[in-house]
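Coordinate analysis (summary)
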Amino acid sequence: MANALSAPSTDREPLPDCDLCPRLADFRKTNQEKFPGYFNAPAPSFGPAKAKLLIVGLAPGLHGANQTGRPFTGDYAGDLLYATLAKFGFSNGKYAGVANDGLTLKQTMITNAVRCVPPQNKPTGPEIRTCRPFLINQIDAMKNLRAILCLGRISHDSTLATLGVKAKDAPFGHGARHEVKGRSFALFDSYHCSRYNTNTRRLTPEMFEDVFAAIKDHIG
Ligand code: URA
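Residues numbered from 1 in each chain as written. Predicted model: local features only at pLDDT ≥ 70, side-chain atom pairs only at ≥ 80, totals over all residues. Heavy atoms only, no water.

1. Some words on the nonpolar core
Among the nonpolar cores identified, the biggest contains 27 residues, and I55, L81, Y82, L85, L149, C193 and F212 are the most heavily contacted of them. Elements with a contribution of two residues or more to this core: strand 1 (53-57), helix 3 (76-87), strand 5 (147-151), strand 7 (186-190) and helix 7 (205-219). Contacts of L85, omitting those with residues within four sequence positions, involve I55, F90, S91, L105, T108, I110 and F212. Counting 17 residues, the second-largest nonpolar core is a separate cluster that includes M109, I148, C150 and L160. (Core = buried A, V, L, I, M, F, W, Y, C linked by side-chain atoms within 4.5 Å. Buried < 20%, exposed > 50% of the residue type's maximum accessible area, 1.4 Å probe, protein only. Helix = DSSP H or I, 4+ residues; strand = E, 2+ residues; numbered from the N terminus. Contact = heavy atoms within 4.5 Å.)

Structural data, given as structure tokens:
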């Protein structure tokens, strides 16, 4: 174990009826009633365990990953993410916004800092901390890991805390790359590929692709 913390329930994935965060568990119950056809459970990480790249998002969107059960799938943010993964050869098949589209990831796993959908897309600090052991165990289990891509500041901060890196030693910045002492992987940052960031052009497809080009170059 590279880290003293350990997951309180299952190892890398919360239980489908995880109740570690009471507000998120209540929100899930509400959504189960309102949207009975949705997945409505913590969205499990997606991709092969032997992946060299781990992409860490924020949390499932209510009508996206929370509906489909696959990170970024059906979410607006997934359109740019999956298109970029395809462009850089990190996926096989065609992304269609549903979990059974047959898409597979190559060398890449996608997860979220918080596995359950939060109200208004905003997890609280305690919820981010409570979910962190799953990220810790996910990272520890990935023996071929060469790069972690943090999408947005919350993902970046949670990943730093996971790795025991101080914020001042690895400040968040779009396109930033940080070496992690004692680890075989580097951290890469990008602005989150959210609807807001792409619509305002804070993040353009070209900016996102530049980050993937740097990652591809790094992992070989
Ligand atoms: N969907 C996810 O699964 N994660 C995000 O960060 C955004 C949308």
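2. Observations regarding the packing of aromatic side chains
If you walk through the whole model with that rule in mind, you get six aromatic pairs. Pairing F35 with Y38 gives two aromatic rings, centres 4.7 Å apart and planes at 10 degrees, and the pair type is stacked. Y38 shares its class with F35; the two are buried. With centroids separated by 5.1 Å and ring planes inclined at 70 degrees, the aromatic side chains of F208 and F212 adopt a geometry described as edge-to-face. Linking F208 with F212, this pair stays in helix 7, spanning four residues, or about one helical turn. Each of the two residues, F208 as well as F212, counts as buried. Three or more aromatic residues link up through ring pairs in this structure, and these residues are F88, F90, F208 and F212. The cationic tip of R70 hangs over the ring face of Y82; the distance from NZ or CZ to the ring centre is 5.6 Å. Here the basic side chain of R202 rests over the ring of Y191, its NZ or CZ set 4.1 Å away from the ring centre. (Phe/Tyr/Trp six-rings, centres within 6.5 Å; stacked < 30°, edge-to-face > 60°. Lys NZ or Arg CZ within 6 Å of the ring centre and 35° of its normal.)

Everything listed here is a matter of geometry and, on its own, says nothing about what the molecule does.
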